[in-house]
Amino acid sequence: MVDKKMDENIQHFCAITGASARDAKKFLEYHGRLDVAADAYFNNPNAFASSSSKAARPSAPSTSKLNQLFDKYKDLEVDPEDVVMLAVAYELKSPKVGEWARAGWVEGWKALGVDSLPAMKGLVDKLRSKLSKDPQYFGKVYAHTFQFAKTEGARSVGTETAIAFWGLLLPVGLKGGALSHVIEEDDGKMDTGDEGFKDEYIQWWFEFLTEKGLKGVSKDTWMMLRDFIRTIDSKFETYDAEAAWPSTIDDFVEYARNRLES
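Small disclaimer: the values here were computed from a predicted structure and weren't measured. (Residues numbered from 1 in each chain as written. Predicted model: local features only at pLDDT ≥ 70, side-chain atom pairs only at ≥ 80, totals over all residues. Heavy atoms only, no water.)

Undergrad: Would you mind going over the overall build of the protein in detail, with residue names and values included?
TA: Looking only at helices and strands, the protein has 13 helices and four strands in total. By the burial criterion, 40% of the 262 residues in the protein qualify as buried. Excluding contacts between residues fewer than 6 apart, the proportion of contacts in the protein whose partners are at least 24 apart in sequence is 65%. (Helix = DSSP H or I, 4+ residues; strand = E, 2+ residues; numbered from the N terminus. Buried < 20%, exposed > 50% of the residue type's maximum accessible area, 1.4 Å probe, protein only. Contact = heavy atoms within 4.5 Å.)

Here is the structure:
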């Protein structure tokens with residue numbers, strides 16, 4: 001029974017810390033409780049390593065350094081309202097606005113290959129550029145943002161909250177090319193040459209949602225808006241009302257066409 005409990009704790013310890021089973025057992029045997037052992041590992045992952053094994057370790061991002069930096073992440077000197085923080089939240093698996101899980105922080109930066117503030121700051125700049133220019137990466141951050149923005153147990157994001165996050169993401173994607181206009185052709189998606197969705201239409205979308213009095217934005221509407229922006233022409237002429245677009249987007253197209261005619 002004791003061995004079974006230890007095996008379970010080792011599995012949990014490894015899942016939480018990313019440590020090897022051998023290190024997990026050493027920390028658990030010494031500290032007894034899983035939570036105490038995990039905290040001890042985060043504070044000093046090499047506590048039970050011999051001097052020879054320490055010397056043999058490859059030069060990889062330091063878990064110990066990253067844990068020390070976790071408690072002063074504000075030293076990144078990035079405005080919390082900077083759009084790049086949504087990319088950082090995606091990379092570090094932040095579950096909610098203002099929440100940073102220690103395990104996600106440590107493993108996220110390790111996966112990105114950095115463990116110092118100068119390196120983190122440099123990488124943040126690269127993430128900002130990637131978010132702006134790379135459609136696939138933008139899509140990953142965009143999808144994570146919906147989960148990041150909604151409150152616990154909710155199935156939708158409040159309209160005001162959605163507008164705030166769209167206000168960060170959409171201009172960056174349009175400017176850098178991550179939301180560049182594409183069309184499906186026989187040989188795949190190609191740039192049509194049409195300017196597509198314009199910057200000013202972002203504000204039209206916000207005004208439409210406000211006038212409509214929508215209380216919340218569903219995941220379907222959130223996700224499909226990105227596809228809509230990338231495929232619609234600048235005059236909304238190619239929109240297929242028979243396609244499986246959310247009704248909110250159907251209504252917006254009618255709204256936008258009326259504004260273009262007025």
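Undergrad: Any chance you could break down the side chain of Thr 221 for me, citing the residues and the numbers?
TA: You can see Thr 221 is positioned in helix α12 (residues 219–231). Excluding residues within four positions of it along the chain, Thr 221 makes contact with Trp 205, Pro 246, Thr 248 and Ile 249.

Undergrad: Quick one: what's the story with helix α7 (residues 102–112), residue by residue and with numbers?
TA: Two residues of an α-helix separated by three or four positions point the same way, owing to the 3.6 residues in each turn. Taken together, the buried positions of α7 are occupied by Gly 104, Trp 105, Val 106, Gly 108 and Trp 109. In this fold, the buried residues of α7 make contact with α5 (63–70), α6 (84–91) and α8 (117–133). Immediately beyond the C-terminal end of α7, within one or two residues, lies Gly 113, with a positive phi of roughly 85°.

Undergrad: Could you give an account of α6, with specific residues and numbers?
TA: Within α6, seven of the eight residues are buried, leaving the element largely enclosed by the surrounding structure. Buried within α6 we find Val 84, Met 85, Leu 86, Ala 87, Val 88, Ala 89 and Glu 91. On its buried face, α6 is in contact with α7, α8, α9 (135–149) and α10 (159–176).

Undergrad: Can you explain the packing of α7 against α8? Please cite residues and give values.
TA: In helix packing, the relevant descriptors are the interaxial angle and the interaxial distance, both defined with respect to the helix axes. The N-to-C vectors of α7 and α8 enclose an angle of 75°; their axes lie 11 Å apart at closest approach. Overall, the two elements α7 and α8 adopt an arrangement that is roughly perpendicular. Of α8, the residues touching α7 (which contributes Trp 105, Trp 109 and Leu 112) are Met 120, Leu 123 and Val 124. A per-class count over the contact of α7 with α8 returns six nonpolar, no polar and no charged. (Axes fitted to C-alpha atoms, helices over the stretch in contact; angles between N-to-C directions. Parallel < 35°, antiparallel > 145°, perpendicular 65-115°, else oblique. Nonpolar A, V, L, I, M, F, W, Y, C, P; charged D, E, K, R; others polar.)

Undergrad: Before we move on, could you go through the packing of aromatic side chains and cite the residues and values that matter?
TA: Per the counting criterion, the structure on display carries 23 aromatic pairs. Judged by centre distance (5.0 Å) and plane angle (45°), the rings of Tyr 201 and Phe 236 are tilted. With a gap of 35 residues between them, Tyr 201 in helix α11 (residues 199–212) and Phe 236 in the loop between α12 and α13 (247–261) connect regions that are remote in the sequence. The buried category is assigned to Phe 236, whose relative accessible area is 0%. On the numbers, 6.0 Å between centres and 80° between planes, the contact of Phe 236 with Phe 252 is edge-to-face. (Phe/Tyr/Trp six-rings, centres within 6.5 Å; stacked < 30°, edge-to-face > 60°.)

Undergrad: Describe the environment of Arg 128, with residues and values.
TA: Checked against the element boundaries, Arg 128 lands in helix α8. Given the relative accessible area of 29%, Arg 128 is considered partly exposed. In this structure the C-alpha to C-alpha distance between Arg 128 and Met 85, which are 43 residues apart in sequence, comes to 8.6 Å. Every residue in contact with Arg 128, bar those within four places of it in the chain, is listed here: Asp 82 and Val 84.

Undergrad: Tell me about the packing of α5 against α7, and please be specific about residues and values.
TA: For the pair α5 and α7, the least separation of the axes is 9 Å and the interaxial angle reads 130°. Of the possible angle classes, the one that applies to α5 and α7 is oblique. Considering how the two elements wind past one another, α5 and α7 form a crossing that is right-handed. Note on element contacts: α7 touches α5 through Arg 102, Trp 105, Val 106, Trp 109 and Lys 110, opposite Thr 63, Leu 66, Asn 67, Leu 69 and Phe 70. (Left-handed = near helix turned anticlockwise from the far one by under 90°.)

Undergrad: Tell me what's going on with the pattern of salt bridges, and back it up with residues and numbers.
TA: As enumerated under the stated definition, the model contains five salt bridges in all. Two residues, Glu 207 and Arg 259, come together in a salt bridge whose shortest N-O distance is 2.6 Å. Here Arg 259 lies in helix α13 and Glu 207 lies in helix α11, a separation of 52 residues in the sequence. On the basis of relative accessibility, which here comes to 26%, the residue Glu 207 falls in the partly exposed class. Note that Asp 227 and Arg 226 form a salt bridge whose closest N and O atoms lie 4.0 Å from each other. One salt-bridge network, in which partners are shared between bridges, spans Asp 82, Asp 125 and Arg 128. (Salt bridge = Lys/Arg side-chain N within 4 Å of Asp/Glu carboxyl O.)

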